[in-house]
Amino acid sequence: MIDFKLSEEHLMLRDSVKDYVERDIAPKVNEYDKAQKSLYPEVLPKMGELGILGVCIPEKYGGAGFDYIALALVCEELERIDTSLRVIMSVHTALSSCTLWWWASEEQKEKYLIPQAQGEKIGAFGLTEPGCGSDVANLQTRAHQEGDEYVLNGTKQWISMVEVADSFLIFARVGKEKGVKGIACFIVEKELQGVTISVFHNKLGVRAGDTGEIVLQNVRVPAANLLGREAEGFKIAMTALDNGRYTVAAGAVGSIRASLEASKKYCHERKAFGQEIGKFQLIQEHLAFIQAGYDQSQLLVFKAGWLKNQGIENTRETGMAKWQATNYASDAANRAIQIHGAMGFSGDFPLERFWRNARANTILEGTNEIQKLIQGSFILGFRKKPELRCKLPPYKPGE
Ligand SMILES: Cc1cc2nc3c(=O)[nH]c(=O)nc-3n(C[C@H](O)[C@H](O)[C@H](O)COP(=O)(O)OP(=O)(O)OC[C@H]3O[C@@H](n4cnc5c(N)ncnc54)[C@H](O)[C@@H]3O)c2cc1C
C-alpha cells in the first residue's frame, strides 16, 4: 500500500521547525547573507535544543529517533528560509552523524555520535581537495601509521561549517594501493595540533554559512579514530553522500516552495495593464512550471526516503532526486525573478538570494553531471549495488 499521509509526529516536527525559522531567522537572513556573516553560532544551540540536529539518529545514540521522511521535512522547512540553514542538516546530520551511526564502533559512537546527535558537538565532512572534487579516487591527502597514531598531511577545500565544527571526517590515502581501495576515513578533531582552518569569502551563494579550507600538517590522529577499515574510506564516502544528497534534494523542495510562495503573493499584488499580473497566462505558465517542479521533486524525495526507511540501497533514486530537485530549484528561482520583474533583480527581495543559493546545490555533494552518470551506469548495468560490510540500518520506531 502506498501511503502519502504524514504522521502526527511528522506534522508536529515540521510545524515546530517552521515556526522557529519563520519567527527567529527569516527576518534577519537577508542581512546575514549580505554581510556574509554565518548564522551558525546563533542557530545551532536552538536547533540542538529542538532535537533537529539528531532528528533521524536513534534515541539510544542521543538522537530524536525520527525516520528519513522527518529528515526531509526538516530540510524543506530550513531551505525554504535559506540554504545555509539546510546545509547544517546535510553536513552535520547526514554526512557526519549518519555516517558515524552506520560505520563507527560503539566506542566511537559514545565519544562522537552521541554529543553530535544531542547538538553539543558539531561534525563536518572533508572530502574535496584543491586537485579533486568529482574525482574522489584521485585524492592526495595522505595518512601513514606510526605506532598507535596516524599522521595526516594534505588540504581539504570547500568544507562547509569549517568554522563551527568540532571534528571532521577526513578522507586520506593510506598505503600503496592506488584508486578507491587506498582511501581511509578518520575522525579528526579540529583542536589537534597541525589543523589550520580558514573561511572563504565572496562565494556566489550560501553566504549566511561558512565554507572554507582545512590544512593538515603532520596531524597525529589516534588509530582509534580510523572509521571502519583502512580500505573502506571510499565506500564510507559514498554511503555518506547517499544521505547528504537526500538532504540536498529535500532542501531544494523547500527552495522551490519559497519561490512559489513569493511569486504567488506578487502575482496578486502587482498590477500591469489594469489587472493583477497573475491574470496573464504567460505568468501562470511560470507558476505551473514551478509547481510541477515542487510536486515532482517532493515525490522523488519521498520515494528515496521510503527506501532509506526500509534499509534498501538507494544510490540511483537519491541521485535522481538530487539532480531533478536542484535543477528545478534553480529554474524556480529564475522564473520567480522573472515574475517579479525589476524587483526580482533587487537585493531587497529574497529572489536573487534563492537563485544564487540554488546554483550551489547543482554543484555540491556531487555535481548534477555526476548524478546523470550514476543514472547511466545503473541503466546500463555498469554499476552494481555495492556490497557493504555495513548494512544500511532501516528505521526502527522507538529505537
Ligand atoms: C557551497 C559549497 C559547499 C561545499 N561543501 C563541501 C563539504 O562540506 N565537504 C566537501 O568535501 N566538499 C564540499 N563542497 C565541494 C563539492 O562537493 C565539490 O565542489 C563538487 O563535488 C565538485 O567538485 P569540483 O568543484 O572539484 O568540480 P570538478 O570535479 O573539478 O568538476 C568540474 C566540472 O567538470 C564536470 N565533471 C567532472 N567529472 C566529470 C565526468 N566524469 N563527467 C562529466 N562531467 C564531469 C563537473 O560536473 C563540473 O561541471 C562544497 C562545494 C560548495 C560549492
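Being a predicted model, the structure only gives us computed values, none of them experimental.

## With respect to the overall build of the protein
Then, number 1: Regarding its fold elements, the protein presents ten helices and ten strands.
Then, number 2: What you see for the protein is a C-alpha radius of gyration of 21 Å, in line with the 21 Å of a compact globule of 399 residues.
Then, number 3: Principal axes of the C-alpha set define a box for the protein whose edges measure 80 × 50 × 40 Å.
Then, number 4: Residue burial in the protein is summarised as follows: out of 399 residues, 56% are buried.
Then, number 5: The contacts in the protein between residues at least 6 apart in sequence include a share of 76% that link residues at least 24 apart.

## A word on the site of the ligand
Then, number 1: Close to the ligand lie 16 residues, the nearest being Thr128, Ser134, Trp158, Ser160 and Thr367.
Then, number 2: One of the backbone nitrogen or oxygen atoms of Trp158 is found 2.8 Å away from a nitrogen atom of the ligand.
Then, number 3: Burial of the ligand by the surrounding chains reaches 64%, relative to a free accessible area of 980 Å².
Then, number 4: Here the ligand is seated within the largest pocket.
Then, number 5: For the shell around the ligand, the elements supplying multiple residues, two or more each, are strand S1 (123–126), strand S3 (149–160) and helix H10 (368–379).

## Things to note about the layout of surface pockets
Using a probe with the size of a water molecule, rolled over the atoms, empty space left in the structure can be pinpointed.
Then, number 1: Taken as a whole, the largest pocket spans an internal volume of roughly 1000 Å³.
Then, number 2: The wall of the largest pocket is formed by 42 residues, among which Thr128, Ile363, Leu364, Glu365 and Gly366 lie closest to the centre.
Then, number 3: Broken down by secondary-structure element, the contributors of at least two residues to the lining of the largest pocket are helix H4 (83–103), S3, helix H6 (233–269), helix H9 (351–361) and H10.
Then, number 4: A per-element tally of the lining of the largest pocket places H4 first, with five residues.
Then, number 5: By residue class, the composition of the lining of the largest pocket is 22 nonpolar, eleven polar and nine charged.
Then, number 6: For the second largest pocket, the calculated volume is near 500 Å³.

## A closer look at the side chain of Glu76
Then, number 1: You can see Glu76 is positioned in helix H3 (residues 68–81).
Then, number 2: Taking relative accessible area as the criterion, Glu76 reaches 6% and is therefore assigned buried.
Then, number 3: Not counting residues within four places of it along the chain, the set of residues in contact with Glu76 comprises Ala250, Gly251, Val253, Gly254, Arg257, Tyr294 and Gln298.

## Considering the packing of aromatic side chains
Then, number 1: Enumeration over the complete set of coordinates arrives at six aromatic pairs.
Then, number 2: Centre to centre, the rings of Tyr266 and Phe349 are 6.3 Å apart; their planes meet at 85 degrees, and the pair counts as edge-to-face. Here Tyr266, found in helix H6, pairs with Phe349, found in the loop between helix H8 (315–339) and H9; they are 83 residues apart in sequence, far enough to count as distant.
Then, number 3: We classify Phe349 as partly exposed; its relative accessible area is 25%.

## A look at a nonpolar patch on the surface
Then, number 1: Where nonpolar side chains cluster on the molecular surface, the patch consists of Ile2, Phe4 and Leu299 and spans about 370 Å² of accessible area.
Then, number 2: Of note, Ile2 is situated in the segment before helix H1 (8–35).
Then, number 3: Since its relative accessible area comes to 72%, Ile2 is described here as exposed.

## A look at the domain arrangement of the protein
Then, number 1: You can read the domains of the protein as domain 1 (8–122), domain 2 (124–232) and domain 3 (234–379).
Then, number 2: Placing the centre of domain 1 and that of domain 3 at their C-alpha centroids yields a distance of 20 Å.
Then, number 3: Between domain 1 and domain 3, the residue contacts involve 28 residues of the former and 38 residues of the latter.
Then, number 4: Here domain 1 and domain 3 share an interface that buries about 2500 Å² over both sides, 55% of which is from carbon and sulfur atoms.
Then, number 5: Interface area lost by domain 1 to domain 3 is led by Tyr68, Glu76 and Arg80, which between them contribute 24%.
Then, number 6: Inspection of the region where domain 1 meets domain 3 yields six salt bridges.
Then, number 7: Residue Arg257 is joined to Glu77 by a salt bridge in which the shortest nitrogen-to-oxygen separation is 2.9 Å.
Then, number 8: In this structure, the connection of domain 1 to domain 3 is made through 18 residue pairs in polar contact (both at pLDDT 80 or more).

## Some points on the nonpolar core
Then, number 1: Ranked by size, the top nonpolar core spans 109 residues in total, and within it Phe171 and Phe186 carry the most contacts.
Then, number 2: Counting residues per element, this core draws most heavily on H6, which supplies 13 residues.

## What about the state of the cysteines?
Every disulfide links exactly two cysteines, by a covalent bond between their sulfur atoms.
Then, number 1: This model, assessed by the stated rule, comprises zero disulfides.
Then, number 2: Free of any disulfide, Cys132 has its nearest cysteine sulfur in Cys185, 14 Å distant.
Then, number 3: On the basis of relative accessibility, which here comes to 0%, the residue Cys185 falls in the buried class.

## With respect to the packing of H1 against H9
Then, number 1: At a closest axis distance of 11 Å, the pairing of H1 and H9 adopts a crossing angle of 60 degrees. Considering the angle they form, H1 stands oblique to H9. Here H1 and H9 pass one another in a crossing that is left-handed. Taken together, the residues of H9 that come into contact with H1 (itself represented by Val29, Asn30, Asp33 and Lys34) are Glu352, Arg353 and Arg356.
Then, number 2: When the residues that make up the contact of H1 with H9 are grouped by side-chain class, the tally is one nonpolar, one polar and five charged.

## Notes on the pairing of S3
Then, number 1: Where strand S2 (residues 142–146) meets S3, five bridges bridge the pair, whose relative direction is antiparallel. In the sheet register, Arg142 faces S3, and the bridge partner there is Asn153.
Then, number 2: Two successive antiparallel strands, S2 and S3, enclose a turn made up of two residues, where Gly147 displays a positive phi of approximately 65 degrees.

Rules used throughout
- Residues numbered from 1 in each chain as written.
- Predicted model: local features only at pLDDT ≥ 70, side-chain atom pairs only at ≥ 80, totals over all residues.
- Heavy atoms only, no water.
- Helix = DSSP H or I, 4+ residues; strand = E, 2+ residues; numbered from the N terminus.
- Rg over C-alpha atoms; globule rule 2.2 N^0.38 Å.
- Buried < 20%, exposed > 50% of the residue type's maximum accessible area, 1.4 Å probe, protein only.
- Contact = heavy atoms within 4.5 Å.
- Near = heavy atom within 4 Å.
- Polar contact = N/O pair within 3.5 Å; in protein donor to acceptor, adjacent residues only side chain to side chain.
- Areas by Shrake-Rupley, 256 points an atom, 1.4 Å probe, with all protein chains shown as cover.
- 1 Å grid on protein atoms, 1.4 Å probe; cavity = no way out; pocket = protein on both sides within 12 Å on 5 of 7 lines; lining within 4 Å.
- Sits in = over half its atoms within 2 Å of the grid points.
- Points joined across faces, edges and corners; volume = space filled by probe spheres on them.
- Nonpolar A, V, L, I, M, F, W, Y, C, P; charged D, E, K, R; others polar.
- Phe/Tyr/Trp six-rings, centres within 6.5 Å; stacked < 30°, edge-to-face > 60°.
- Patch = residues over 30% accessible without salt bridge, like charges linked within 9 Å, V, L, I, M, F, W, Y side chains within 5 Å.
- Salt bridge = Lys/Arg side-chain N within 4 Å of Asp/Glu carboxyl O.
- Domains from an automatic or database assignment.
- Buried area = accessible area lost by both parts, 1.4 Å probe.
- Core = buried A, V, L, I, M, F, W, Y, C linked by side-chain atoms within 4.5 Å.
- Disulfide = S-S within 2.5 Å.
- Axes fitted to C-alpha atoms, helices over the stretch in contact; angles between N-to-C directions.
- Parallel < 35°, antiparallel > 145°, perpendicular 65-115°, else oblique.
- Left-handed = near helix turned anticlockwise from the far one by under 90°.
- Pairing = 2+ DSSP bridges.

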